[in-house]
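In case you want the letters, here they are:
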Amino acid sequence: MKRLYIQTYGCQMNERDSERIAHVMKSMDYCLTDRIEEADLVFLNTCSVRDKAEQKVYSALGRWRELKQKREGVVVGVGGCVAQQEGSDLLRRVPHLDLVFGTQSIPELPRMVKEVESQKKRSVVIGFQRDASYMEDVEPRVEVNGPKAMVTIMQGCNKVCSFCIVPYVRGREISRSSESIIQEIRSLVRQGVTEVVLLGQNVNSYGKTSPGELTFPQLLDKINDIEALRRIRFMTSHPQDLSVQLVEAFAKLERLCEHLHLPVQSGADAVLERMRRNYRREEYLRKIARLRACRPDIALSTDIIVGFPGETEEEFEQTLEILQEVEYDEIFAFKYSPRPHTAAAKLYRDDVCDAVKKERLEQVLRLQNELSLRKNLQKLGAVEEVLVEGPSRHRKGQLMGRTRTNRIVNFLGEDSMIGRFVSVAVVGASPNSLIAEVLSEENVSEMIDSRGIA
Ligand code: SF4
């Protein structure tokens with residue numbers, strides 16, 4: 001068997017794409033390795049959403065030059081958003097690179113690799129497809145990696161947020177058929193998966209470009225009927241597409257976890273307008289209020305960009321205010337950086353200096369740390385259902401899992417608990433996680449029985 005090494009940058013969507021790359025390359029007898037020095041095929045799966053993405057890729061490729069010098073026949077490829085954006089420039093600038101494959105070209109990989117191996121033919125495939133077939137696996141997915149699985153339900157985006165490169169590197173919105181999604185989830189559940197994360201750039205616009213297809217709330221409804229599946233999550237949503245039906249789904253569907261990531265980006269209407277985010281602060285807050293009326297215990301997370309062109313001190317203050325008003329459980333905050341092709345890069349001068357961006361980012365993170373800690377402290381003494389994911393990354397010798405609200409919980413436990421649900425009592429809190437003690441597993445069954453989803 002030959003060995004494949006993949007380095008993945010970016011989001012869950014890219015992680016799922018890397019799983020698919022490993023899956024398609026199995027057909028050519030490649031198995032995954034985490035030791036790059038023993039790999040016959042090395043791939044970089046890239047993300048271009050943030051600044052310096054291209055430089056990162058070129059410097060990683062520079063480091064990989066000696067792999068080819070040391071071992072003859074090693075094949076090197078770049079995929080993902082930077083590959084889509086740079087295309088044949090990458091091949092031209094990096095002589096030891098063999099393949100460039102775009103965000104919709106994973107099914108092409110076996111053919112491309114074969115051509116390098118047999119004819120030394122270097123190639124670039126970055127075209128956009130017209131239907132969802134590129135998201136489907138040729139062979140059914142057989143390997144599951146723990147109790148949780150990511151399932152891509154759509155890709156691309158039809159919005160035109162002025163800061164965002166996604167529509168240029170992931171293409172227009174395309175949804176997979178609901179039939180194929182349900183089939184995939186049923187098969188995952190048969191293999192022991194108990195939690196699915198539905199992925200897409202804007203999942204709540206699922207089905208909108210496929211006449212006759214289910215809407216996103218209807219799709220959730222169907223997935224909720226799958227017996228033995230315990231948890232459903234999804235990522236990411238645009239506030240404009242958060243429909244009444246989707247809000248109501250949080251009250252109605254017992255398997256749908258009480259957590260929503262709803263990127264607000266800024267608390268100031270003038271900035272939202274320049275960002276071409278087609279909602280305003282009050283409308284966003286009304287949607288949050290409706291969500292909380294339907295599901296009072298829902299946890300909320302968001303994305304924030306600081307230092308967008310023209311952002312004044314007053315506008316920035318409005319972002320701090322919205323954080324205090326909503327009291328998010330978690331945020332992901334970034335300094336604005338112009339991305340190629342985007343409207344903001346063409347229309348506006350990047351006029352907030354880096355020192356100010358840095359200071360604003362620190363203020364946002366400081367405030368959120370206080371808010372998250374306050375929220376987590378309120379959990380002291382609570383009993384939570386946790387799906388155990390594996391060893392804790394930050395607390396040596398402990399296990400780590402997540403509550404239905406997506407909070408990280410660290411606790412002492414047996415390895416046999418990995419992949420299972422346990423009931424824990426919360427005994428400590430930090431801004432980013434909870435510390436807990438395990439109660440008996442029977443308690444979980446009782447908790448689940450009483451919600452009727454066992
Ligand atoms: S909705 Fe999200 S993915 Fe689409 S353009 Fe806006 S920020 Fe980018």
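Residues numbered from 1 in each chain as written. Predicted model: local features only at pLDDT ≥ 70, side-chain atom pairs only at ≥ 80, totals over all residues. Heavy atoms only, no water.

Once that is clear, we can look at the pairing of strand 16 (residues 399–402). Burial of strand 16 is two-sided: the residues Leu399 and Gly401 facing one way and the residues Met400 and Arg402 facing the other way are all buried. Across 4 bridges, the pairing between strand 15 (residues 383–391) and strand 16 is antiparallel. Within strand 16, the position partnered with Leu387 by the bridge is Arg402. Counted along the chain from strand 16 to the antiparallel partner strand 17 (residues 408–411), the turn is 5 residues long, and its residue Asn406 has a positive phi close to 75 degrees. (Buried < 20%, exposed > 50% of the residue type's maximum accessible area, 1.4 Å probe, protein only. Helix = DSSP H or I, 4+ residues; strand = E, 2+ residues; numbered from the N terminus. Pairing = 2+ DSSP bridges.)

For the rest of this paragraph, the subject is the sheet that holds strand 14 (residues 330–335). With parallel pairing, 3 strands are arranged side by side in an open sheet as 12-13-14. Each having just a single partner strand, strand 12 (259–261) and strand 14 make up the two edges of the open sheet. Shown here is a sheet whose adjacent strand axes are inclined to one another by a mean of 10 degrees, direction ignored. Bridge count for strand 13 (residues 299–306) against strand 14 is 6 bridges, and the pairing is parallel. Residue pairing across strands places Ser301 opposite Glu330, the latter belonging to strand 14. (Axes fitted to C-alpha atoms, helices over the stretch in contact; angles between N-to-C directions.)

Here we come to the sheet that holds strand 15. Taken together, the 5 strands give a closed barrel; going around it, the order is 15-16-17-19-18, and neighbouring strands pair in mixed fashion. Recorded for the sheet is a direction-independent mean angle of 55 degrees between the axes of neighbouring strands. Alignment of strand 17 against strand 19 (residues 433–438), held across 4 bridges, turns out to be parallel. Its bridge partner lying in strand 19, Phe411 is registered against Ala436.

What follows deals with the pattern of salt bridges. Per the stated rule, a full pass over the model turns up 41 salt bridges. Put simply, Glu184 and Arg176 hold a salt bridge, and the shortest N to O gap is 2.8 Å. Here Glu184 and Arg176 have matching classes, each one buried. Across the pair Arg374 and Glu327 runs a salt bridge, and its minimum N-O distance is 3.3 Å. Here Glu327 lies in the loop between helix 12 (313–326) and strand 14 and Arg374 lies in helix 14 (residues 354–377), a separation of 47 residues in the sequence. The class for Glu327 is partly exposed, based on a relative accessible area of 31%. Overlapping salt bridges bring together Lys148, Glu195, Arg231, Arg233, Glu385, Glu389 and Arg402 as one network. (Salt bridge = Lys/Arg side-chain N within 4 Å of Asp/Glu carboxyl O.)

Right, let's talk about the site of the ligand for a bit. What surrounds the ligand is the set Cys157, Lys159, Cys161, Phe163, Cys164, Val166, Pro167, His238 and Arg277. Looking at the shell around the ligand residue by residue, the class counts come to 6 nonpolar, 1 polar and 2 charged. (Near = heavy atom within 4 Å. Nonpolar A, V, L, I, M, F, W, Y, C, P; charged D, E, K, R; others polar.)

Let us look at the pairing of strand 10 (residues 195–199). The buried count for strand 10 comes to 5 of 5 residues, which makes it a mostly enclosed element. The side-chain alternation of strand 10 yields two buried faces, one formed by Glu195, Val197 and Leu199 and the other by Val196 and Leu198. As paired elements, strand 7 (residues 148–152) and strand 10 share 5 bridges and run parallel to each other. Residue Ala149 lies in a different strand from strand 10, and its bridge partner there is Val196. In the sheet, strand 10 pairs with strand 11 (residues 231–235) via 5 bridges, with the strands oriented parallel. Residue pairing for strand 11: Glu195 is matched across the bridge by Arg231. Handedness of the β-α-β unit built from strand 10, helix 8 (residues 216–224) and strand 11 comes out right-handed. (Right-handed = clockwise from strand over helix to strand, strands pointing away.)

Assigned domains within the protein chain: domain 1 (2–125), domain 2 (130–257), domain 3 (261–376) and domain 4 (383–451). For domain 1 and domain 2, the distance between their C-alpha centroids amounts to 26 Å. At the interface, 18 residues of domain 1 touch 25 residues of domain 2. Buried surface at the junction of domain 1 and domain 2, both sides included, amounts to about 2000 Å², of which 52% is carbon and sulfur. When the buried surface of domain 1 facing domain 2 is broken down by residue, Met13, Arg16 and His23 rank first, second and third, together holding 35% of it. Across the contact surface, domain 1 and domain 2 share 2 salt bridges. A salt bridge links Glu184 to Arg16, with the shortest nitrogen-to-oxygen separation between them at 3.9 Å. The interface formed by domain 1 and domain 2 includes 7 residue pairs in polar contact (both at pLDDT 80 or more). (Domains from an automatic or database assignment. Contact = heavy atoms within 4.5 Å. Buried area = accessible area lost by both parts, 1.4 Å probe. Polar contact = N/O pair within 3.5 Å; in protein donor to acceptor, adjacent residues only side chain to side chain.)

Before going further, it helps to spend a moment on the nonpolar core. Counting 55 residues, the largest nonpolar core has Ile153, Ile185, Leu198, Phe216, Ile223 and Phe234 as the members making the most contacts within it. When residues of this core are sorted by domain, at least three fall in each of domain 2 (130–257) and domain 3 (261–376). Each residue touching Ile185, except ones within four places of it in the same chain, is listed here: Val151, Val196, Leu198, Ile223, Ile226 and Leu229. Grouped together as the second largest cluster of nonpolar side chains are 24 residues, Ala39, Cys47, Val76 and Val78 included. (Core = buried A, V, L, I, M, F, W, Y, C linked by side-chain atoms within 4.5 Å.)

What follows concerns helix 7 (residues 178–190). In an α-helix, one full turn covers 3.6 residues, which means residues spaced three or four apart are oriented alike. Over its 13 residues, helix 7 runs 18 Å from end to end, which matches the ideal 18 Å to within 8%, given 1.5 Å per residue. Taken together, the buried positions of helix 7 are Ser178, Ser180, Ile181, Ile182, Glu184, Ile185, Ser187, Leu188 and Val189. Here the buried face of helix 7 lies against helix 1 (12–26), strand 7, strand 10 and helix 8. (Expected span 1.5 Å × (residues − 1).)

On inspection of all chains with the given rule, the structure shows 7 aromatic pairs. Geometrically, the ring pair formed by Tyr5 and Trp64 is edge-to-face, given 6.4 Å between the ring centres and 75 degrees between the ring planes. Here the residue Tyr5 occupies a position in strand 1 (residues 2–8), and Trp64 occupies one in helix 2 (residues 53–70), the gap between them amounting to 59 residues. Tyr5 sits in the buried class, given a relative accessible area of 15%. Relative to Phe101, the ring of Phe43 has its centre 5.1 Å away and its plane inclined at 65 degrees; by these criteria the two rings are edge-to-face. Within this pair, whereas Phe43 is found in strand 3 (residues 41–46), its partner Phe101 is found in strand 5 (residues 99–101), the two being separated by 58 residues in sequence. The exposure class of Phe43 is buried, given its relative accessible area of 0%. In this structure Phe101 comes out as buried when scored by relative accessible area, which is 1%. A connected cluster of aromatic rings, assembled from ring pairs, spans Phe216, Phe234 and Phe250. Positioned above the aromatic ring of Phe334, the side-chain terminus of Arg50 is 3.4 Å from the ring centre. Above the ring of Phe421, the side-chain terminus of Arg230 is found at 3.8 Å from the ring centroid. (Phe/Tyr/Trp six-rings, centres within 6.5 Å; stacked < 30°, edge-to-face > 60°. Lys NZ or Arg CZ within 6 Å of the ring centre and 35° of its normal.)

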